[in-house]
Amino acid sequence: MATEAQGAEEGGLVFHPMDQFIVKPLFGMGEVGAFTITNVTLWMALTVVCIILLLVMGTSRRAIVPSRSQSIAEMMYGFVYKMVEDVTGKDGVKYFPYIMTLFMFILVSNFLGLLPMAFTTTSHIAVTGVLAMMVFLAVTILGFVKNGIGFLGLFWVSSAPLALRPILALIEVISYFVRPVSHSIRLAGNMMAGHAVIKVFAAFAAIAAISPLSILAITAMYGLEILVSGIQAYVFAILTCVYLKDALHPAH
Amino acid sequence: MAEHNLSPEAQGMADALGVDGDHAGASAGMPQLDFSSFDNQIVWLLITLVVIYFVLSRVALPRIGSVLAERAGTITNDIAAAEDLKQQAIDAEAAYEKALVDARAEAGRIVGETKAAIQVDLDKAIAKADAEIAARAAEGEKAIAAIRDSAAESAATVAKDIAKDIVAAVAPGKIDAKSITAAVNAKMKG
């Protein structure tokens with residue numbers, strides 16, 4: 001920890017912008033095992049609770065004229081459904097529940113992470129990496145199941161001159177395998193950076209002279225982070241749709 | 001900020017106790033790269049995703065989908081019903097217009113009929129009156145003729161009597177009554 005306490009002006013100005021991301025057991029101080037109840041467990045459980053509150057409790061009246069919570073639930077549903085339909089086409093609609101699961105999990109986790117003292121599960125590469133690998137594996141397997149060996153046509157750009165095709169194929173293969181990396185690091189990086197910056201500004205608030213500026217900066221960053229939270233969930237979901245479209249229709 | 005004040009203590013305690021050594025080392029950099037917490041995160045992530053997936057696919061999504069479909073159906077039905085009612089209103093208006101036109105035509109017809117009937121009655125009455133007038137005129141003329149005849153006759157009788165008297169006075173016994181009458185008649189015709 002000492003390496004991180006960079007400055008000590010004004011009697012204890014300490015920067016621990018990354019401490020908020022530490023995975024800690026909720027009970028006791030023991031080692032973090034696979035099934036230990038940690039802050040990860042808590043915030044993921046809260047994510048589940050929020051999703052149930054919004055999408056299940058909010059729609060429990062099944063009203064023709066929706067209440068506010070039901071409107072939000074319907075808006076989410078309509079938004080993701082339309083996105084899946086627009087990007088993947090009619091035959092991609094049956095994968096809508098999976099994409100909705102990813103989208104809701106990321107969106108709600110991102111927003112919950114913005115609560116003060118919260119732990120942002122989606123800022124961890126372990127979480128986003130698993131999400132991205134799940135998408136990558138599912139899409140690859142689905143591509144081969146649906147199209148057989150024809151799925152490799154995804155890498156063979158038939159509209160390009162023949163001489164260029166092997167080079168393009170190499171680039172396509174590399175970009176294909178980079179997908180899960182960029183997919184996961186984009187989300188985790190965005191979430192982590194924003195939260196860390198807010199924390200740095202928060203540390204500056206300890207100096208009375210610049211604390212108004214610091215609070216202003218935190219407010220501005222917070223607004224930006226709300227935007228980023230929504231956009232990153234959307235980006236993750238729409239990229240999943242794009243990858244899914246590649247699996248269903250590999251032809252360029 | 002409480003977290004800040006607490007964290008180093010907690011960390012220090014953990015370090016002192018000798019547990020979590022790996023963790024302490026990694027947290028100098030990014031906790032994200034602390035691989036010792038990966039299994040924990042992945043386990044809870046998978047559990048979370050499975051729970052969310054089942055909640056969504058079993059409860060939430062079919063329900064929202066059915067509500068949306070129901071609403072779309074209701075709206076479609078309502079629009080169809082509105083179209084129906086509109087059509088009905090148009091029909092009713094057309095029927096009303098038609099009834100109005102019919103009534104006007106009927107009224108015109110009745111007026112015409114009545115006019116014709118009145119005309120017939122009038123014509124009949126006029127003809128009757130004309131006939132009556134003609135009859136009366138004829139009667140009058142007859143009466144006038146009769147009166148004229150009788151007047152002429154009287155005049156002839158008077159003339160004969162006067163002629164007889166004159167003849168008797170002028171030349172008594174020479175001329176008989178018959179010839180006098182003949183002479184008077186001849187004179188009167190002439």
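Here the residue numbers are simple positions, counted from 1 along each chain's written sequence. Chain letters and ligand numbers both follow the written order, the letters beginning at A and the numbers at 1. Only residues with pLDDT of at least 70 are given local features in this predicted model, and only at 80 or more are side-chain atom pairs given and counted; all residues enter the totals for whole chains, interfaces and linings.

At a minimum axis separation of 9 Å, helix H4 (residues 96-113) of chain A and helix H3 (residues 38-170) of chain B run at an interaxial angle of 120°. Considering the angle they form, H4(A) stands oblique to H3(B). Considering only the axes of H4(A) and H3(B), their crossing is right-handed. Here Pro97(A), Met100(A), Thr101(A), Met104(A) and Phe105(A) of H4(A) come into contact with H3(B), specifically with Thr48(B), Leu49(B), Ile52(B), Tyr53(B), Leu56(B), Ser57(B) and Leu61(B). Residue classes follow a fixed rule: Ala, Val, Leu, Ile, Met, Phe, Trp, Tyr, Cys and Pro count as nonpolar, while Asp, Glu, Lys and Arg count as charged, and any other residue, Gly among them, counts as polar. Taken together, the residues of the contact of H4(A) with H3(B) break down into nine nonpolar, three polar and no charged. Convention adopted: a line fitted to C-alpha atoms gives each axis, helices being fitted over their contacting stretch, and angles between N-to-C directions are expressed from 0 to 180 degrees. Numbering goes from the N terminus for both helices and strands, where a helix is a DSSP run of H or I of at least four residues and a strand is a run of E of at least two. For classification, angles of less than 35 degrees are called roughly parallel, those exceeding 145 degrees roughly antiparallel, those between 65 and 115 degrees roughly perpendicular, and all remaining angles oblique. Each helix crossing is assigned a hand: it is left-handed if the near helix lies turned anticlockwise from the far helix by less than a right angle, otherwise right-handed if that turn is clockwise. Two residues qualify as being in contact provided that their C-beta atoms, derived from the backbone, are within 7 Å of each other.

UniProt positions are given in the numbering used here, feature names are shortened, and annotations may be inferred rather than shown by experiment. Here, the residues flagged by UniProt with the feature "transmembrane region" (unreviewed entry) are residues 42-61 of chain B. Secondary structure across residues 42-61 of chain B comprises 100% helix and 0% strand; the distance between its end C-alpha atoms is 25 Å.

Side chains of nonpolar character tend, in soluble globular proteins, to be buried together. A set of buried residues drawn from Ala, Val, Leu, Ile, Met, Phe, Trp, Tyr and Cys, joined through C-beta atoms within 7 Å, is what defines a nonpolar core. Residues with at least 20 other C-beta atoms within 10 Å of their own are called buried, those with 12 or fewer are called exposed, and the rest are partly exposed. The C-beta atoms themselves are positioned from the backbone. Of all hydrophobic cores here, the largest spans 54 residues; its most connected members are Val80(A), Ile99(A), Phe103(A) and Met104(A). Those elements that place two or more of their residues in this core are helix H2 (39-57), helix H3 (68-88), H4, helix H5 (125-147), helix H6 (165-204) and helix H7 (211-248) of chain A together with H3 of chain B. Looking at this core, the element that brings in the most residues is H4(A), giving 11 residues. Dropping the residues within four chain positions of it, Phe103(A) is found in contact with Val80(A), Ala233(A) and Ala237(A).

It is worth spelling out H5(A) at this point. For the α-helix, the turn length of 3.6 residues means that residues three or four positions removed from each other point alike. Between the first and last C-alpha of H5(A) there are 31 Å, a value that for 23 residues agrees with the 33 Å anticipated at 1.5 Å per step. Residues of H5(A) that are buried include every one of Ile125(A), Ala126(A), Val127(A), Thr128(A), Gly129(A), Leu131(A), Ala132(A), Val135(A), Val139(A) and Gly143(A), and no others. For H5(A), the elements touching its buried residues are H4, H6 and H7 of chain A together with H3 of chain B. Gly148(A) occupies a position one or two residues after H5(A) and carries a positive phi of about 60°. A helix is expected to reach a length of 1.5 Å times the quantity of its residues less one.

Taken together, the contacts link 49 residues of chain A with 43 residues of chain B. Looking at which element gives the most residues to the side of chain A that touches chain B, the answer is H2(A), with nine residues. Tallied by class, the residues present in the side of chain A that touches chain B amount to 32 nonpolar, 12 polar and five charged.

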